[in-house]
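So the chains spell out like this:
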Amino acid sequence: MKITRESGHDQHGFIAVRKYLHAGQQSYPRMLNSQAKPAEELRIVLSSGTNVGHALHDVLTQYNQPGGVGLICSGTARYLQYLRIETKKSDERPFDYGTPQVLDNASTFITGTITIGRNQQGDILLHCHAGFIDQYGTAHGGHLLLDTVVVGDDPLILYFSLFSECAYIVNSDEETRFSLLHPTPMESL
């Protein structure tokens, strides 16, 4: 399979790293963490034609854990949408997601990570970044809109670690002006 690259690479073919300076007050260190023992380990296999976001919500509500992480291990999609960060003409929020990019042909997943969180009302939120190759060998990647992903001919295989002692709760972030999932120990909820 031939793999081509999108623009944004340096002279050696490596992805060029862009530095984003946000409008809000910088907060360092940026890494927030909390240790938690996994409560449940899941292997989920979604068959051809399945809407990924809807299926994951259905499965994860059965476990009622407050947070977790997931990994896309393999599989294909027949349709998906993803977002990439773009520079905007706003002093308040100079970077934001652009318009959805649509792939309505066979795409093969290379990798993907999913964060399972909750909003302030306790509803499940899924945040996914993934990389995939379209049928022409072009590499794509970004923030995957899971509710738009339809599994292709090959099943989608995912692994999840659900937490019982820690949640990811959506809160505003002063520096980026985004709503982000923050790790929160259960005793703080």
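Below you will find a few notes about this structure. Counting restarts for each chain, with residues numbered from 1 along the sequence as it is written. Local features are withheld for residues below a pLDDT of 70 in this predicted model, meaning they are given only at 70 or higher, and side-chain atom pairs are given and counted only at 80 or more; totals for whole chains, interfaces and linings count all residues. Neither water nor hydrogens contribute to the side-chain values; these are computed over all heavy atoms in the structure.

This part is about the environment of Leu46. Relative to the helices and strands, Leu46 is located in strand E1 (residues 38–46). Between the C-alpha atoms of Leu46 and Leu56, which are 10 residues apart in sequence, the distance is 9.1 Å. Those residues in contact with Leu46, other than ones at most four positions away along the chain, are Val52, Ala55, Val151, Pro155, Leu156 and Leu158. The numbering of helices and of strands both runs from the N terminus, where a helix is a DSSP run of H or I of at least 4 residues and a strand a run of E of at least 2. The criterion used for residue contact is that any of the two residues' heavy atoms lie within 4.5 Å.

This paragraph deals with the packing of aromatic side chains. For this analysis, a ring pair means two rings from Phe, Tyr or Trp (six-membered ring only for Trp) whose centres lie within 6.5 Å, classed as stacked if their planes differ by under 30 degrees, edge-to-face if by over 60, and tilted for the remaining angles. Applying the stated criterion across every chain, the model contains two aromatic pairs. Measuring from centroid to centroid gives 5.2 Å for Tyr82 and Phe132, while their planes differ by 75°, and the two rings are edge-to-face. Linking Tyr82 in strand E3 (residues 76–83) with Phe132 in strand E8 (residues 124–134), this pair joins segments that are 50 residues apart in sequence. Of the two residues examined, Tyr82 and Phe132, each falls in the buried class. Ring geometry for Phe109 against Phe132: centres 5.9 Å apart, planes inclined by 75°, an arrangement best described as edge-to-face. Highlighted residues: Phe109 in strand E7 (residues 107–118) and Phe132 in strand E8, separated in sequence by 23 residues. With respect to class, Phe109 is no different from Phe132; both count as buried. Among the aromatic residues, those joined into a cluster by ring pairs are Tyr82, Phe109 and Phe132. Only protein chains enter the accessibility calculation, which uses a 1.4 Å probe; a residue whose area is less than 20% of its type maximum is buried, one above 50% is exposed, and one in between is partly exposed.

Below, the discussion takes up the environment of Asp104. Tracing the backbone shows Asp104 in the loop between strand E6 (101–103) and E7. Judged by relative accessible area, which is 57%, Asp104 ranks as exposed. Residues Asp104 and Gln135, spaced 31 residues apart in sequence, show a C-alpha to C-alpha distance of 9.9 Å. With sequence-adjacent residues up to four places away left out, Asp104 is seen in contact with Arg78 and Tyr79.

So, on to helix H1 (residues 52–63). Expected helix span is computed as 1.5 Å times (number of residues minus one). If you check H1, its first and last C-alpha atoms are 17 Å apart, about what 12 residues at 1.5 Å a residue would give, namely 16 Å. Burial in H1 covers these residues: Val52, Gly53, Ala55, Leu56 and Leu60. Burial along H1 is one-sided: seen end-on, the buried residues are contained in an arc of 160°. In H1, the exposed residues that point more than 90 degrees away from the buried face are Asp58 and Gln62. Where H1 begins, the side chain of Asn51 points an oxygen toward the backbone nitrogen of Gly53, at a separation of 3.2 Å. Of the residues flanking the end of H1, it is Asn64, one or two places downstream, whose phi is positive at about 55°. The arc in question is the one spanned by the directions pointing from the helix axis to the C-beta atoms. In protein, a polar contact means a hydrogen-donor-capable atom and an acceptor-capable atom, both N or O and within 3.5 Å, with residues adjacent in sequence counting only if both atoms are side-chain atoms; elsewhere, any N or O pair within 3.5 Å suffices.

Take empty space enclosed by the protein next. By rolling a water-sized probe across the atoms, one finds the places where empty space is left. Here a cavity denotes a set of grid points, spaced 1 Å apart and computed over the protein atoms alone, in which a 1.4 Å probe fits but from which it cannot get out, and a pocket denotes an open set meeting protein on both sides within 12 Å along at least five of seven lines; residues with an atom within 4 Å of a point are reported as lining. Grid points are joined across faces, edges and corners, and a volume is the space filled by probe spheres set on the points. By the definition in use, this model includes one cavity of 30 Å³ or more. When its volume is computed, the largest cavity comes out at roughly 40 Å³. Taken together, Leu60, Tyr63, Gln65, Gly67, Gly68, Ile116, Arg118, Ile124 and Leu162 make up the lining of the largest cavity. At the level of elements, H1, strand E2 (67–74) and E7 are the ones that each hand at least two residues to the lining of the largest cavity. Under the convention adopted here, Pro, Cys and the residues Ala, Val, Leu, Ile, Met, Phe, Trp and Tyr are nonpolar, Asp, Glu, Lys and Arg are charged, and Gly plus all remaining residues are polar. Its residues placed into classes, the lining of the largest cavity shows five nonpolar, three polar and one charged.

Where E3 meets strand E9 (residues 139–144), two bridges bridge the pair, whose relative direction is antiparallel. Note on E9: the bridge partner recorded for Leu83 is His143. Judged from the six bridges that link them, E8 and E9 form a sheet pairing that is antiparallel. Bridged to Cys128 within E9 is Leu144. The pairing criterion is simple: DSSP has to find at least two bridges between the two strands. What sits between the antiparallel neighbours E8 and E9 is a turn of four residues, in which Gly137 has the positive phi angle 90°.

In plain words, nonpolar cores are sets of buried Ala, Val, Leu, Ile, Met, Phe, Trp, Tyr and Cys residues tied together by side-chain atoms within 4.5 Å. By size, the foremost hydrophobic cluster in this structure holds 28 residues, and its most contacted members are Leu56, Phe109 and Leu144. When residues of this core are traced back to their parent elements, those giving at least two are E1, H1, E3, E7, E8 and strand E11 (156–163). Here this core takes five residues from E8, the largest share from any one element. Excluding anything up to four places from it in sequence, Leu56 contacts Ile44, Ile114, Leu126, Leu146, Leu158 and Phe160.

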